[in-house]
Amino acid sequence: MLRRCTKCKKAHYYPRALCPFCFGDCEWEAASGKGTVYSYSTMKRGEAPYSIAYVTLAEGPTMLTNIVDCDLDTIAIGQDVVVTFVQTEGGGPALPFFKPA
Ligand SMILES: [Zn+2]
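Residues numbered from 1 in each chain as written. Predicted model: local features only at pLDDT ≥ 70, side-chain atom pairs only at ≥ 80, totals over all residues. Heavy atoms only, no water.

A.B. asks: Looking at this structure, I do not really get the packing of aromatic side chains. What am I missing?
C.D. replies: Here a ring pair, both rings aromatic, is described through the centre-centre distance and the interplanar angle of the planes. In this structure the tally under the stated criterion is 0 aromatic pairs. The ring of W28 has R3 sitting right over it, with the charged end atom 5.0 Å from the ring centre. (Phe/Tyr/Trp six-rings, centres within 6.5 Å; stacked < 30°, edge-to-face > 60°. Lys NZ or Arg CZ within 6 Å of the ring centre and 35° of its normal.)

Structure below.
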């Protein structure tokens, strides 16, 4: 889900009560789950390599996330990705990560 301003119509992330661009009122909308890799960094030290990335959503906002379910050496800037919700340790809500589209 994303917040979109009812006044200037821009979407933003993370969710805020008021629009960060014009302070207008916002409402929830279902996001497409599609995005592209804006930038990424792969950590190969330790037992479990992982990639963190900024993904620019189809709706406009850019979010910090992880790239999963792929060969981390194949990730590229501009690559199309799609959301996948990953359950984390500790029983909290699943987090929105991304995998190749
Ligand atoms: Zn606005």
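A.B. asks: In this structure, what is going on with the coordination of the zinc ion? I would like to understand it.
C.D. replies: Tetrahedral coordination by four donors sets the ideal angle at the metal to 109.5 degrees; octahedral coordination by six donors sets it to 90 or 180 degrees. Protein coordination of the zinc ion is provided by C5 (SG), C8 (SG), C19 (SG) and C22 (SG), with donor distances spanning 2.3 to 2.4 Å. In this structure, the zinc ion is coordinated by 4 donor atoms arranged in tetrahedral fashion, with angles at the metal of 102 to 118°. Positions of the donor residues of the zinc ion, expressed as sequence spacing, correspond to C-x2-C-x10-C-x2-C. In this pair, C5 is assigned in strand 1 (residues 2-5) and C22 in the loop between strand 2 (11-12) and strand 3 (26-29), connecting sequence segments 17 residues apart. (Donors = N, O, S within 2.8 Å, 3.2 Å for Na, K, Ca; no water. Tetrahedral: all angles 85-135°; square planar, octahedral: opposite > 155°, others 65-115°. Helix = DSSP H or I, 4+ residues; strand = E, 2+ residues; numbered from the N terminus.)

A.B. asks: Can you walk me through the side chain of H12 in this structure?
C.D. replies: Topologically, H12 is positioned in strand 2. Here H12 falls in the buried class, since its relative accessible area comes to 2%. Within the local environment of H12, its side chain forms a polar contact with the backbone nitrogen of R16, the two atoms lying 3.2 Å apart. Not counting residues up to four positions away in its chain, the partners in contact with H12 are L2, R3, L18, C19, P20, F21, C26 and P61. (Buried < 20%, exposed > 50% of the residue type's maximum accessible area, 1.4 Å probe, protein only. Polar contact = N/O pair within 3.5 Å; in protein donor to acceptor, adjacent residues only side chain to side chain. Contact = heavy atoms within 4.5 Å.)

A.B. asks: Sorry if this is basic, but what is going on with the state of the cysteines here?
C.D. replies: In protein structure, a disulfide is the covalent linkage between the sulfur atoms of two cysteines. Tallied over the full model, the rule gives 0 disulfides. Of all cysteine sulfurs in the structure, the one in C5 sits closest to C26, which takes part in no disulfide; the separation is 5.0 Å. (Disulfide = S-S within 2.5 Å.)

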